[in-house]
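# Descriptive structure summary
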Amino acid sequence: MSWFKRKDSNIQTDKKKDMPEGVWIKVPKTGDTIHRRELEENLWVDPISGYHFRIGSKEYFSILFDDGEFEEIADEIMPTDPLKFEDRKKYSDRIKQTQKKSGLSDACRVGVGKLKKQDIVIACMDFSFIGGSMGSVVGERLSRAIDHAREKEFPLLIISQSGGARMMESVLSLMQMAKTSSKLAQLDMEGVPYISLMTNPTTGGVTASYAMLGDFNIAEPGALIGFAGPRVIRQTIGRDLPEGFQTSEYLVEHGFLDFIVPRTKLKSKLSRLLKILNNR
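Below, the structure is looked at part by part. Every chain is numbered on its own, with residues counted from 1 as its sequence reads. Where local features are concerned, this predicted model is filtered to residues with pLDDT of at least 70; where side-chain atom pairs are given and counted, the filter is 80 or more; whole-chain, interface and lining totals use all residues. Just so you know, side-chain values use all the structure's heavy atoms and leave hydrogens and water out.

### Concerning the sheet that holds strand β7 (residues 194-202)
Here we have seven strands laid out as an open sheet, ordered β3-β4-β5-β6-β7-β8-β9, and mixed in their pairing. One side of each edge strand has no neighbouring strand; the edge strands of this open sheet are β3 (70-73) and β9 (259-260). Here, a strand pair is defined by DSSP locating no fewer than two bridges between the strands. Segments assigned H or I by DSSP are reported as helices when at least four residues long, segments assigned E as strands when at least two residues long, and all are numbered from the N terminus. With two bridges joining them, strand β8 (residues 216-219) and β9 adopt parallel strand pairing. Across the sheet, A219 pairs through a bridge with I260, a residue of β9. Those strands touched by helix α2 (residues 57-64) are β3, β4 (108-115), β5 (118-125), β6 (156-162) and β7, and its axis lies near 10 degrees from that of β4. Whether two residues are in contact is decided by their heavy atoms: any pair within 4.5 Å suffices. Angles shown run from 0 to 180 degrees and are taken between the N-to-C directions of axes, each axis being a line fitted to C-alpha atoms and, for helices, limited to the stretch in contact.

Now the structure itself:
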């Protein structure tokens, strides 16, 4: 059907224009697509379904700190490979490759700044770094964050996002559960507020330690929160699990969380909570 094609080379209608990669993003909850710019403007929350896309420390710090300004601490603590662990690849090589790919030095960053003019210490985990797994560096950076909050008497917020303890560090990783829990006990003795925010997913040793030890335990909508996975639990107890089991909504209903807060309201909700805690 050549008579439907323009002959002039500068007015072609039979060629498809390439779409830049990543401009349109599929929403897992609905299957619909949304423009990337609209998602970014809405803090990576689908405005129709409310689905919360996973974000990392860069985005959370930008959302929560006033003007996105903060001082990073404990970033000089870097991962090593004390056990010379190797599975499909050497752990030391995995660290280097993940650092290069993610632009992160490990799975946790700590920032000190202001949230609506109120001093705060925020420690945030990154799932993009080996599944947000808790290793020695994560434990030490969290400990430094807790110590800083205690010394300065600044409220502490830990944003959890993790698959659990890092298997490549074996017992050294598991020791971080006791280490961070004891540090939080010291913080509690000093009367410094600690808010734990659980995002998708928060599982394993992280849930079994600092994630559930907050003065307030809160979560984003639809977050997977638990210790073992649903399949392991189902096989252990030999029965089907309730619908929505291990979601933040289920845990609020059964008393494991204080409340759920959408990301678009997170800063204002935290600001209100900090004012209450500071005037207690």
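### Focus: the nonpolar core
Counting residues in hydrophobic clusters, the biggest one holds 37 residues, and the most contacted among them are V121, V138, L156, L187 and Y210. When contributions to this core are tallied by element, the ones reaching two or more residues are α3 (91-102), β4, β5, α4 (136-152), β6, α5 (170-189), β7 and α8 (248-253). No other element matches the five residues that α4 contributes to this core. Residues in contact with L156, not counting those within four places in the same chain, are V121, A145, I146, A149, L184, L187, P193, Y194 and I195. To qualify as a nonpolar core, a set must consist of buried Ala, Val, Leu, Ile, Met, Phe, Trp, Tyr and Cys residues joined through side-chain atoms within 4.5 Å. Residue exposure (1.4 Å probe, protein chains only): buried if accessible area is under 20% of the type maximum, exposed if over 50%, otherwise partly exposed. Core analysis: the second largest hydrophobic core is formed by 28 residues, W44, I55, I218 and L266 among them.

### A short note on the pairing of β5
By the criterion of burial, β5 is predominantly enclosed, with seven of the eight residues buried. In this antiparallel pair of consecutive strands, β4 and β5, the connection spans two residues, and K116 shows a positive phi of 50 degrees. As judged from the four bridges shared by β5 and β6, these two strands associate in the parallel manner. Opposite A123, over in β6, you have I158 as the bridge partner. A crossover gets the label right-handed when its path from the first strand over the helix to the second runs clockwise, viewed with the strands pointing away from the viewer. Traced from β5 through α4 to β6, the parallel crossover comes out right-handed.

### Quick notes on unusual backbone geometry
Residues N200 and P201 are joined by a peptide bond in cis, for which omega reads -5 degrees. Residue placement: P201 occurs in strand β7. Notably, D67 is not glycine yet its phi reads approximately 60 degrees, a positive angle. The phi torsion at S170 lies on the positive side, around 50 degrees, for a residue other than glycine. Here S170 lies in helix α5. By relative accessible area, which is 39% here, S170 ends up partly exposed.

### Quick notes on the pairing of β7
For β7, a buried count of eight out of nine residues is recorded, marking the element as mostly surrounded by other parts of the structure. The sheet contact formed by β6 and β7 spans six bridges and is parallel. Across the sheet, the residue bridging to I158 is S196, located in β7. In this fold, the crossover linking β6 to β7 by way of α5 has right-handed handedness.

### So, a positive patch on the surface
Nonpolar side chains (Val, Leu, Ile, Met, Phe, Trp, Tyr) within 5 Å and like charges within 9 Å form the patches, drawn only from residues with over 30% relative accessible area and no salt bridge. Each accessible area is a Shrake-Rupley result for a 1.4 Å probe, and residues are judged covered by the shown protein chains and nothing else. A pairing counts as a salt bridge when a side-chain nitrogen of Lys or Arg comes within 4 Å of a carboxyl oxygen of Asp or Glu. Note that His is not counted, nor are the chain ends; the positive residues are Lys and Arg, and the negative ones are Asp and Glu. Note on charges: their place is set at NZ of Lys, CZ of Arg, CG of Asp or CD of Glu. Among the surface-exposed residues, K116, K265, K269, R272 and K275 lie close enough to one another that they form a single positively charged patch. Mapped onto the elements, K275 comes out in helix α9 (residues 266-278).

### Examining the pattern of salt bridges
Applying the stated rule across the entire model yields 13 salt bridges. The partner of R166 in a salt bridge is D106, and the shortest N-O contact between them spans 3.0 Å. Taken together, the residues R166 in the loop between β6 and α5 and D106 in the loop between α3 and β4 connect sequence positions 60 residues apart. Accessibility assignment for this pair places R166 and D106 in one class, buried.

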